[in-house]
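Structural description and commentary
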Amino acid sequence: MPGVGQDDWSSRALSLIEDEKYVEAAQVAKAEFDSSKDYHALLAQLRALYRGGRYFECVGSIKQHRDCLTLDVELGLEFRELALDCYLKAKDVLNANKLIEDIESRGELNKPEMLLKKASICGLQSRYDEAIELLVSLNKQFPRRAHILRRLALAYEQVRQPEKALAYLKVYLKVNRDDWADAQIDKYRRLGYV
C-alpha cells in the first residue's frame, strides 16, 4: 500500500531537526509548503533555517511570503516572533522596528522577552532613553536578571551616566561574573569611578 510506513513531512522535518540537519529539514518543509501552501510548513521551514543559523535565508523567505506576518491567528503571532528574532540576528534593524511596531499595534507586546527585544531595537537605533525606560520597568518586574542588568549598564553608559551604569554593573557582578563584567569594572577603575 502506498504511504504505509512512511512518515509525514512534519515528522521527517522534526526528525531532521533533532539530528541537527537543519538545511534538509528546511527543504522538506519548503517542499510541503510549495505544494500545499500550508503555513505550518512555512513556519517549520523558517524555524529550521533559524536553528541552523541561516538568518539571511530566513529573512529572504519571510520577505517572499510576507503575508504570513499578517495572519491574525496564533500562527501569525508565531511568525511575527520568529521574524523579529531573524531580523535581529541579521541586523535588519529597520524591518525589526517596523515589525515591533506592528506587534505593539496588535496588542501582542505583552511578553517580557518581546519588551526586551523592543529595548534592543531602541538601543540599536540610539533611542537609549526609551530603551532605558523599558529596561528599568523589566528590571522592576524581574529583578537581578543578568541579561537585563547588562543592557541597563550598557544603555546608561551610552547616555553618559557612568554612575548609574556602574551601579547596574555591580548588581550584574553579584548575579553573573564573567569576562565582560570584569573588563567593564577594569575600565571604570581606570576612569576613576571605582
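Residues numbered from 1 in each chain as written. Predicted model: local features only at pLDDT ≥ 70, side-chain atom pairs only at ≥ 80, totals over all residues. Heavy atoms only, no water.

A few points about the layout of surface pockets
The space that makes up the largest pocket amounts to roughly 480 Å³. If you list the elements that add at least two residues to the lining of the largest pocket, you get helix H5 (74-89), helix H7 (112-124), helix H8 (128-141) and helix H9 (146-158). Per-element tally for the lining of the largest pocket: the top contributor is H7, with seven residues. For the second largest pocket, the calculated volume is near 190 Å³. Every residue along the wall of the second largest pocket is listed here: Trp9, Ser10, Ala13, Leu14, Ile17, His40, Leu43, Ala44, Arg47 and Arg51. The set of elements that each furnish at least two residues to the lining of the second largest pocket consists of helix H1 (9-18) and helix H3 (39-51). (1 Å grid on protein atoms, 1.4 Å probe; cavity = no way out; pocket = protein on both sides within 12 Å on 5 of 7 lines; lining within 4 Å. Points joined across faces, edges and corners; volume = space filled by probe spheres on them. Helix = DSSP H or I, 4+ residues; strand = E, 2+ residues; numbered from the N terminus.)

Brief notes about the environment of Lys63
Looking at the element boundaries, Lys63 is found in helix H4 (residues 55-64). Distance from Lys63 to Asn110, taken between C-alpha atoms, is 25 Å for residues 47 residues apart in sequence. When residues no more than four places from it in sequence are discounted, the contact partners of Lys63 are Asp92 and Asn95. (Contact = heavy atoms within 4.5 Å.)

Examining the pattern of salt bridges
Overall, the coordinates contain 15 salt bridges when judged by the stated rule. Between Glu81 and Lys111 there is a salt bridge; the shortest N-O distance is 2.7 Å. Placement of Glu81 in helix H5 and of Lys111 in the loop between helix H6 (93-105) and H7 is noted, with a sequence separation of 30 residues between them. One salt-bridge network, held together by shared partners, links Glu104, Lys118, Arg127 and Glu130. (Salt bridge = Lys/Arg side-chain N within 4 Å of Asp/Glu carboxyl O.)

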